[in-house]
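If you want the building blocks of each chain, they are given just below.
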Amino acid sequence: MDRKFYITSPIYYVNDKPHVGHAYSTIIADTLARYHRALGDEVTFLTGTDENSQKTVDAARKSGEDIISYTDRLAGVWKSVWQALNISNTDFIRTTEARHKKMVEEFWKRLWDNGDIYKGRYEGLYCKGHEAFMKESDLVNGLCPDHKTKPEHFAEDNYFFRLKRYEKDLSAFYEKNPNFVIPENRYNEVKNFVSEGLEDLSISRQVQKWGIPVPNDPSQVVYVWFDALINYVSAIGIEQWEQHPADVHVIGKDITRFHAIIWPAMLMSAKLPLPKQVAANGFFTVNGVKISKSLGNAIDPIGLAEKYGAEALRYFLLREIPYGEDGDFSEEKLKERYNADLANGLGNLLSRIMKMAAMANIVVPAWDAAKLVKANPRIPRFMEEYQLDNVIEHIWEKISQADAMIEEKKPFKILKTDRAKAEKDIILLLKQLKEIAVMLEPFMPETSEKILEAIKTNSEIKVPLFPRKQT
Ligand code: MSP
C-alpha cells in the first residue's frame, strides 16, 4: 500500500516577514503532516517563498538592497520563523532556484506543445497586491476591496493560456470529486464560477524585468501565479508527481481559484495528475479587518511566541477558529486561553499526576503510544474532516475527566491507607496522561515530548509547563 503523504502550504511573498495569518496556514499544514507521520506515513511537507513578484522588486528597492541579497535575506527570515514555530517541513522551495526555473520551462513547453499558449493583447486592470487582474465589478469606489489601492491600467501584448478550453473538463472533475475543495462552501463557489464560464488567462508580462523569462521570448517574464503554482511539482520532480501528486494543498481562502481552477487546468494541459484536495482556511482579522502587511495591522508571530511560547500560539490558532471560518485575533483571548487551558488545565494536571507517581514510586508501564491513539475512533474522523478545533476540544475533555478522577478518588490521600488501590488509580491516570500527550503531538509537539519524557522517567515537575501570565 502507498503510505506516502504529500502536503503543501502556500509559498509566501517575500515583500515582508510573516504575520500571524501566514503562520496560521503553515501551522495547519504542519499539524496534518505530523498527524500523518504518527500514522506511519512517509510524509513530504513542502513550504517556501514566492519570489518572482513585482512586490519583491519594490520591497528590495525600499530597503536599499540589491534584489538578490534582499531575497536571500527574506527567505532566511521565513525559514527561521517556521523553525521557531516548530514547523516540520521536509523541504523549502524558493522560486528563484534553478530546479524551479527548469520546471516552469518544462510546463511552458508542455502547454505550448499542447496548443494551449497563444499570443494576444491584454488590456485591463491589475492589482499589484493580489498579483492578479481585476474587473471593474470587483472594485469598491474604484479601489481593490482587500488592498484599498487603485489597480493599474495595463495594455500590452502577452501570452495567454487557453483556460476556457478546460471549462468542461474541470466541471466534470468537480462533479466526480466532491471533496476536491473543502470546505463545501468553497467547493460550491468554485463549481459555480467555472459553470458561469472562464476566460483565457494572460500568463506573461512585458514590462517586468524580474522573473523567469518566457522560453524563446526573453522580452517577457512568466506571470508570477503561473510560475508559483508550479512549485508543487518543482520540489519533488515530475516523475514523483506522476506517481504521487499532492494529497492536499493547504491554502488561505483568497487563493482558492488559483489552486482549484487554474492549477488543475495547467496540470490537465501538461498531462499530469491532479492534486487530491485543496483545503482553504479562513482569515484572521484584527477588530474585524483582515490582517495584512499592506494595511499595516500585521501581528508578528515571533513576538507572540517569545511571550507565550510557540506551542501556546499553535494551540490558540488551531483551537480558536473552526476550520474554514474567519476569526478575530486578540492577544487578550490568547492570554485567557493560555492561563485557563494551558497553565491551569494541562500544566496543572501534569504536575499533579507526576507528583503522585513520584510519591508512590510507580514503575510506569510502557504502553504503546500508537495503540493508545488508534483505540480512539474520534481522532481520525475529526482529523479527516479538518475539525482540528474539535480534536483539541476532545483532548481537553480528557484533561477534565482526569482532573475529575483525581478529585473523586483522591489517590494521594488513600496512598497510606490502601496502597494497592491508590497505585491502580495513579497508573490509570498516567495512562490517560500518555494518551493525552500522544493525541497532542501534531498540535503541540514540544509539549507532547516533555510530557512523554516525564512519564517515561517518572519525574516530578519542577518547572511548570506553562507558568501563569499575570500582565
Ligand atoms: N504567493 C501567494 C501564494 C502562492 S501559492 C502557490 C500568496 N502569498 S501571500 O504571502 O500573500 O499569502 C500566503 C497565504 O497566507 C495565503 O494563503 C493567504 O490566504 C494567507 N493569509 C494572508 N493573510 C491572512 C490572514 N490574515 N489570515 C489567514 N490567512 C492569511 O498569496
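This structure is a prediction, so every number in the text was calculated from the model and none was measured.

Calculation rules
Residues numbered from 1 in each chain as written. Predicted model: local features only at pLDDT ≥ 70, side-chain atom pairs only at ≥ 80, totals over all residues. Heavy atoms only, no water. Axes fitted to C-alpha atoms, helices over the stretch in contact; angles between N-to-C directions. Helix = DSSP H or I, 4+ residues; strand = E, 2+ residues; numbered from the N terminus. Parallel < 35°, antiparallel > 145°, perpendicular 65-115°, else oblique. Left-handed = near helix turned anticlockwise from the far one by under 90°. Contact = heavy atoms within 4.5 Å. Nonpolar A, V, L, I, M, F, W, Y, C, P; charged D, E, K, R; others polar. Pairing = 2+ DSSP bridges. Buried < 20%, exposed > 50% of the residue type's maximum accessible area, 1.4 Å probe, protein only. Polar contact = N/O pair within 3.5 Å; in protein donor to acceptor, adjacent residues only side chain to side chain. Near = heavy atom within 4 Å. Areas by Shrake-Rupley, 256 points an atom, 1.4 Å probe, with all protein chains shown as cover. Phe/Tyr/Trp six-rings, centres within 6.5 Å; stacked < 30°, edge-to-face > 60°. Lys NZ or Arg CZ within 6 Å of the ring centre and 35° of its normal. Core = buried A, V, L, I, M, F, W, Y, C linked by side-chain atoms within 4.5 Å. Salt bridge = Lys/Arg side-chain N within 4 Å of Asp/Glu carboxyl O.

The next thing to look at is the packing of helix H11 (residues 301-308) against helix H13 (residues 331-360). The N-to-C vectors of H11 and H13 enclose an angle of 30°; their axes lie 12 Å apart at closest approach. Relative to H13, the element H11 lies roughly parallel. Here H11 and H13 pass one another in a crossing that is right-handed. Residues Leu304, Lys307 and Tyr308 of H11 pack against Glu331, Leu334, Lys335 and Tyr338 of H13. Across the contact of H11 with H13, the residue classes tally to 4 nonpolar, no polar and 3 charged.

A word on the sheet that holds strand E6 (residues 152-161). One open sheet holds the 4 strands; their spatial order is E5-E4-E6-E8, and the pairing between them is antiparallel. Both outer strands of the open sheet, strand E5 (132-134) and strand E8 (201-202), are each paired with one neighbouring strand and no more. Judged from the 10 bridges that link them, strand E4 (residues 117-127) and E6 form a sheet pairing that is antiparallel. From the neighbouring strand, Gly120 faces E6, where its bridge partner is Asn158.

Structurally, the position occupied by Ser269 is in helix H10 (residues 256-269). When its relative accessible area of 1% is taken as the criterion, Ser269 is described as buried. With 157 residues separating them along the chain, Ser269 and Trp112 place their C-alpha atoms 9.1 Å apart. Beyond its immediate chain neighbours, meaning those up to four positions away, Ser269 contacts Arg110, Leu111, Asn114, Asp116, Phe161 and Tyr166. Polar side-chain contacts of Ser269 include one of 3.5 Å to the side chain of Tyr166.

With that out of the way, let us pick up the site of the ligand. Near the ligand you find 21 residues, and of these Ile11, Asp50, Gly252, Asp254 and Phe284 are the closest. In the environment of the ligand, an oxygen atom lies 2.8 Å from a nitrogen or oxygen atom belonging to the backbone of Gly252. Burial of the ligand by the surrounding chains reaches 95%, relative to a free accessible area of 670 Å². Sort the elements by how many residues they give to the shell around the ligand and strand E1 (residues 4-13) lands first, with 4 residues. Looking at side-chain class alone, the shell around the ligand contains 12 nonpolar, 7 polar and 2 charged residues.

Evaluation of the coordinates by the stated rule reveals 28 aromatic pairs. With a centroid separation of 5.9 Å and an interplanar angle of 25°, the aromatic rings of Phe107 and Trp263 are classed as stacked. With Phe107 in helix H4 (residues 98-113) and Trp263 in helix H10, this pair connects stretches of sequence that are 156 residues apart. Centre to centre, the rings of Trp241 and Trp263 are 5.9 Å apart; their planes meet at 65°, and the pair counts as edge-to-face. With a gap of 22 residues between them, Trp241 in helix H9 (residues 238-243) and Trp263 in helix H10 connect regions that are remote in the sequence. A residue is classified by how much of its surface remains accessible, and Trp263, at 0% relative accessible area, is buried. Here the aromatic residues Tyr118, Tyr122, Tyr126, Phe133, Phe154 and Phe160 are joined through ring pairs into a cluster of three or more. One cation-aromatic arrangement involves Arg257 over Phe193; the distance from NZ or CZ to the ring centre is 3.8 Å.

This next bit is on the sheet that holds strand E16 (residues 327-328). One open sheet accounts for 3 strands, arranged E15-E14-E16; its pairing is mixed. Where the open sheet ends on each side, the last strands, each with one partner, are strand E15 (289-290) and E16. Strand direction decides the pairing type here: strand E14 (residues 284-286) and E15, joined by 2 bridges, are antiparallel. In the sheet register, Val286 faces E15, and the bridge partner there is Val289.

This part takes up the nonpolar core. Counting 92 residues, the largest nonpolar core has Ile7, Trp82, Leu85, Leu317, Trp396 and Leu430 as its most contacted members. Ranked by residue count, the leading element in this core is H13, at 12 residues. Formed by 63 residues, the second largest nonpolar core is a distinct cluster that contains Trp108, Val222, Ile238 and Ala270.

Time to look at the pattern of salt bridges. Should their charged atoms come close, side chains of opposite charge can pair. Applying the stated criterion to the full structure yields 31 salt bridges. Salt-bridge contacts for Glu51 lead to Arg94; the nearest nitrogen and oxygen are separated by 2.7 Å. Of this pair, Glu51 sits in the loop between strand E2 (42-50) and helix H2 (54-63) while Arg94 sits in strand E3 (residues 91-94), placing them 43 residues apart in sequence. As far as burial versus exposure is concerned, Glu51 and Arg94 are alike and both buried. The closest approach of N and O atoms between Asp425 and Lys421, which form a salt bridge, is 3.5 Å. You can see Asp425 and its partner Lys421 sitting in helix H18 (residues 419-440), 4 residues apart, about one turn around the helix. Taken together, the salt bridges that share partners define one network made up of Arg319, Glu320, Arg337, Asp341 and Glu393.

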